[in-house]
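Each chain, letter by letter, is given below.
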Amino acid sequence: MRKLFISLVALFVGVAGLYAQNPMEQLPLDPEVRVGVLDNGMTYFIRHNEKPKGQASFYIYHDVGAIQEEDDQQGLAHFLEHMAFNGTKNLPGKEMIQTLENIGVQFGYNLNAFTSWDCTEYMIKDCPTVDEKNVDLALQILHDWSQFIELDPKEIDEERGVIMEELRTRDGANLRAQNDMLRNLFKGTLYEHRNLIGYLDGLKSFDQQALVSFYKKWYRPEYQAIVIVGDIDVDSIEQKLKTLMADIPASPADAAQKVLHTVPATETPIISVFADPELTQSSVMMFARREATPKELKNTVAAYFQDVVFNLATMMMNNRFEEISNKPDAPFLGGGMSEGSFGICPTLESTMFSVTAHEGRIPEAFRAMFVEMERMRQHGFTAGELERAQKELLMYAERQYTNRNDVRNDDYAQRYLDHYAQGTSMMDAETEWQLDQMILNSLTVDQVNQAYLQMVKPNENLVIIVNSPEKEGVVVPTAEELKAIMAEVAASEIAPYEDDMVYEPLIDPAVELAGSAVVNTTTNDSLEFTEWTLANGIKVIVRPSTLKADEVQIVASSKGGCSLLSDEEYYQGAFLGTVMGQSGIGKFSANELNKQLSGKSAYAGVGVDSYEHAVNAGGSPKDIETILQLM
């Protein structure tokens, strides 16, 4: 991927400002977060934040998971995660759960964990910090999760039943389809043979020592990161961490090292057709795989530039898929494109196309999807599409910058966890906003199109996954039939995308809106709102809010709802909101309306319940006129 990465960067030499600095230079870290490494190799991120005030979130991330298991340890990374809540050195048995719940940290909601193939993460979220004892408790738990989980044989045996029941409840068509997908995506690697929960026989019979061995072998400080964000004193927390974690030794020089598994490249498509009587939906996914950008390059200007290109292309392709699915004779129910990693194997990324097919019409959906991929490859995107996507991303970036002081603890924490695990950027808001503007205002459609010619090849590294219900009357296509469709599409002449967009105002400026005069004004000082009564009888209640710097919410409601309708009309009324949400407004179709609103943060939707009907709307205050026009 390093060669491909550099060749992609070379496409963007002409972008203003990008090469004012070395494109491989590391992006600056947000100075508001304290980053360090303890003597034993453990990394930490600490940030003071008061969203919400009086609370903090505590995380410990282990850069190991199911892929580190031996063949006789399958499922034990996940089993170990469960055991972390069944007793530690300083909080035996269920004392951890009970103590945290006594201060308002609820198990399964604020107190939780997850295991993946390459990581395991534990979290204590929304922990009250007014009492310093709560902070000390959370730190003690992070300390114990690192090296001091008890793994009591009695607790292990009790937990076997819990996890076997978890396996039983998950063991359905969706899990079987997922396992089939993973076997094909990661063919030729250990990922092909690992699942997260393990298998019934192994869960019943594994020896306690196997679990202890996995824990001692892989839960080590150089593979661990502590993230603490909230209403805390950063200096105090840092000192407490250094003191508390001092009894965790650095790993010996001969300690086991993680192995990065690389998925072998393929020259012809891998096609899997999976049919199951319990599946309820027909779908097709196509992955154009590639080696991931190396972690050490993820925090560079060039990598950030690449991510912006991916985001733009994803938006443009998803708009095309939405246009198709909105047609009355659409070949699929919905579809789209996505970019990036699988969240499973750190060495693999992909461009993924997916569609949900009408039952029994998978070949039709697959053909339409493959045609769109080829249309993009052969003709690229249009300047108009890119302009709309640039407006959208600039709007998102500007709103993120405007709301920079409204970021909640767990959103910050996720940035730092991603930086540790994947190497992604964690800039301050000002730097990120400046970089977004520079890139988005300078990119050309030719640069985006050239990038995707290198990323998506006709046959190389393709994996196609078909899922279908298996039942009478439903024809399931074969791999050979899908190959024939691909050959036919590749040999055909595909017309370029027609972009006939003409920007027009939602309401013709020549139309005079009568409005209604304010006949009475009252204020409520205790609840801080003003009420206007209009001549037409409508009451308007306005309340300023500082919860977010760039958001306005409007609700226009009226009593009545479906209670006003006859029995015959009831279901039509109940579905009105859904139908309107998929429809256009005025002279604009749904597709045209989406294009007209490019770059604006404005939405409106109808809701009808039993005794009330309403229009719910909102967006950015600067787009208030558009919001009101939609209403």
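Our structure's up above, just so we're on the same page.
Now for a quick tour of the structure. (Residues numbered from 1 in each chain as written. Predicted model: local features only at pLDDT ≥ 70, side-chain atom pairs only at ≥ 80, totals over all residues. Heavy atoms only, no water.)

## Here we look at the overall build of the protein chain
Of the regular secondary structure elements, the protein chain holds 20 helices and 17 strands. The C-alpha radius of gyration computed for the protein chain amounts to 28 Å, which stays within 12% of the reference 25 Å derived for 631 residues, consistent with globular compactness. Overall size of the protein chain, expressed as C-alpha extent along the three principal axes, is 80 × 70 × 65 Å. Sorting the 631 residues of the protein chain into buried and exposed places 49% on the buried side. Partitioning the intrachain contacts of the protein chain with sequence separation of at least 6 by distance along the chain shows that 81% fall at a separation of at least 24. Carbon and sulfur atoms make up 51% of the accessible area of the protein chain, which amounts to about 30400 Å² in all. (Helix = DSSP H or I, 4+ residues; strand = E, 2+ residues; numbered from the N terminus. Rg over C-alpha atoms; globule rule 2.2 N^0.38 Å. Buried < 20%, exposed > 50% of the residue type's maximum accessible area, 1.4 Å probe, protein only. Contact = heavy atoms within 4.5 Å. Areas by Shrake-Rupley, 256 points an atom, 1.4 Å probe, with all protein chains shown as cover.)

## Quick look at the packing of aromatic side chains
Scanning the model with the defined rule gives 16 aromatic pairs in all. An angle of 80° between the planes, with centres 4.9 Å apart, marks the rings of phenylalanine 79 and phenylalanine 206 as edge-to-face. Separated by 127 residues along the polypeptide, phenylalanine 79 in helix H2 (residues 76-83) and phenylalanine 206 in the loop between helix H7 (200-205) and helix H8 (208-218) bring together distant segments of the chain. Judged by relative accessible area, phenylalanine 206 falls into the buried class, the value being 8%. (Phe/Tyr/Trp six-rings, centres within 6.5 Å; stacked < 30°, edge-to-face > 60°.)

## Comments concerning the side chain of aspartate 180
With respect to the secondary-structure elements, aspartate 180 resides in helix H6 (residues 173-185). Look at aspartate 180: it is buried, it has no salt bridge, and the nearest opposite charge is arginine 183 at 4.2 Å. Apart from the residues lying within four places of it in its own chain, the contact partners of aspartate 180 are Ser272, Phe274 and Ile465. (Lys, Arg positive; Asp, Glu negative; His and termini not counted. Salt bridge = Lys/Arg side-chain N within 4 Å of Asp/Glu carboxyl O.)

## Re the pattern of salt bridges
On inspection of all chains with the given rule, the structure shows 39 salt bridges. The closest approach of N and O atoms between aspartate 63 and lysine 258, which form a salt bridge, is 3.4 Å. Here lysine 258 lies in the loop between helix H9 (234-244) and strand E7 (270-276) and aspartate 63 lies in the loop between strand E3 (55-62) and H2, a separation of 195 residues in the sequence. Taking relative accessible area as the criterion, aspartate 63 reaches 15% and is therefore assigned buried. A salt bridge links glutamate 166 to arginine 170; the shortest N-O distance between them is 2.6 Å. Of the two residues, glutamate 166 and arginine 170 both sit in helix H5 (residues 153-170), four residues apart, roughly one turn of that helix. Take glutamate 166: its relative accessible area is 17%, and that puts it in the buried class. Take arginine 170: its relative accessible area is 42%, and that puts it in the partly exposed class. Put simply, Arg290, Lys298, Glu339 and Glu349 are held in one network by salt bridges that share partners.

## Quick notes on the side chain of threonine 120
Tracing the sequence through the fold places threonine 120 in strand E5 (residues 120-128). Overall, the relative accessible area of 1% leaves threonine 120 in the buried class. In this structure the side chain of threonine 120 is engaged in a polar contact, spanning 3.0 Å, whose partner is the backbone oxygen of valine 64. Those residues in contact with threonine 120, other than ones at most four positions away along the chain, are Ile60, Tyr61, His62, Val64, Gly65, Glu81, Phe114, Thr115 and Tyr219. (Polar contact = N/O pair within 3.5 Å; in protein donor to acceptor, adjacent residues only side chain to side chain.)

## Let's talk about helix H14 (residues 429-442)
End to end, H14 covers 20 Å across 14 residues, agreeing with the expected 20 Å (1.5 Å per residue, within 8%). Considered for burial, the residues of H14 that qualify are Glu432, Trp433, Leu435, Asp436, Ile439 and Leu440. The arc that holds the buried residues of H14, viewed along the axis, is 165°, so those residues lie on one side. The elements touched by buried residues of H14 are helix H10 (301-325) and helix H12 (383-402). Two or three places before glutamate 430, at the opening of H14, aspartate 428 has a side-chain oxygen 3.2 Å from that residue's backbone nitrogen. (Expected span 1.5 Å × (residues − 1). Arc of directions from axis to C-beta.)

## Side note on the pairing of strand E13 (residues 529-534)
Bridging between strand E12 (residues 518-524) and E13 involves six bridges; their strand directions are antiparallel. Each residue of the ladder has a partner; that of threonine 522, found in E13, is glutamate 531. Here E12 folds back onto E13, and the loop between the two strands holds four residues, one of which, glutamate 528, carries a positive phi near 60°. Pairing between E13 and strand E14 (residues 539-542): four bridges, direction antiparallel. (Pairing = 2+ DSSP bridges.)

## Quick notes on unusual backbone geometry
Going from lysine 51 to proline 52, the amide bond is cis rather than trans, its omega being 5°. With respect to the element layout, proline 52 can be found in the loop between strand E2 (43-48) and E3. A positive phi is found at asparagine 461, a non-glycine position, where the angle reads about 55°. In this fold, asparagine 461 is placed in the loop between helix H15 (445-455) and strand E11 (462-469).

## A look at the packing of H2 against H5
Viewed as axis vectors pointing N to C, H2 and H5 meet at an angle of 120°, and their least axial separation amounts to 10 Å. As the angle between them shows, H2 and H5 are arranged oblique. The way H2 lies across H5 gives a crossing that is right-handed. When H2 is examined against H5, the residues His78, Phe79, His82 and Met83 are found in contact with a partner set consisting of Glu155, Ile156, Glu159, Arg160, Val162, Ile163 and Glu166. Its residues assigned to classes, the contact of H2 with H5 comprises five nonpolar, two polar and four charged. (Axes fitted to C-alpha atoms, helices over the stretch in contact; angles between N-to-C directions. Parallel < 35°, antiparallel > 145°, perpendicular 65-115°, else oblique. Left-handed = near helix turned anticlockwise from the far one by under 90°. Nonpolar A, V, L, I, M, F, W, Y, C, P; charged D, E, K, R; others polar.)

## A short note on the sheet that holds E12
With antiparallel pairing, three strands are arranged side by side in an open sheet as E12-E13-E14. Each having just a single partner strand, E12 and E14 make up the two edges of the open sheet. In this sheet, adjacent strand axes meet at a mean angle of 20° when their direction is disregarded.

## A few points about helix H3 (residues 95-102)
Taken as a whole, H3 has its buried residues at Met96, Ile97 and Leu100. Along the axis of H3, the buried positions cluster into a sector of 95°, meaning they face one direction only. Looking at the buried positions of H3, the neighbouring elements they touch are strand E4 (111-115), E5 and helix H4 (132-147). Phi turns positive one or two residues past the end of H3, at glycine 104, with a value near 100°.

## Topic: the sheet that holds strand E17 (residues 612-619)
Taken together, the three strands give an open sheet; going across it, the order is E15-E17-E16, and neighbouring strands pair in antiparallel fashion. Edge strands, defined here as strands with exactly one partner in the open sheet, are strand E15 (552-559) and strand E16 (602-608). Looking at each pair of strands side by side, their axes are set apart by 10° on average, direction ignored. Note: E16 against E17, seven bridges, orientation antiparallel.

## What about a nonpolar patch on the surface?
A cluster of nonpolar side chains, Tyr570, Tyr571, Phe575 and Val579, forms an exposed patch at the surface whose accessible area comes to about 450 Å². Counting through the fold element by element, phenylalanine 575 comes out in the loop between helix H17 (570-574) and helix H18 (576-581). (Patch = residues over 30% accessible without salt bridge, like charges linked within 9 Å, V, L, I, M, F, W, Y side chains within 5 Å.)

## What to know about the environment of isoleucine 538
Relative to the assigned elements, isoleucine 538 resides in the loop between E13 and E14. Residue classification places isoleucine 538 among the partly exposed residues on the basis of a relative accessible area of 44%. When the C-alpha atoms of isoleucine 538 and tyrosine 401 are compared, they prove to be 36 Å apart, with 137 residues separating the residues in sequence. With sequence-adjacent residues up to four places away left out, isoleucine 538 is seen in contact with Trp532 and Thr533.

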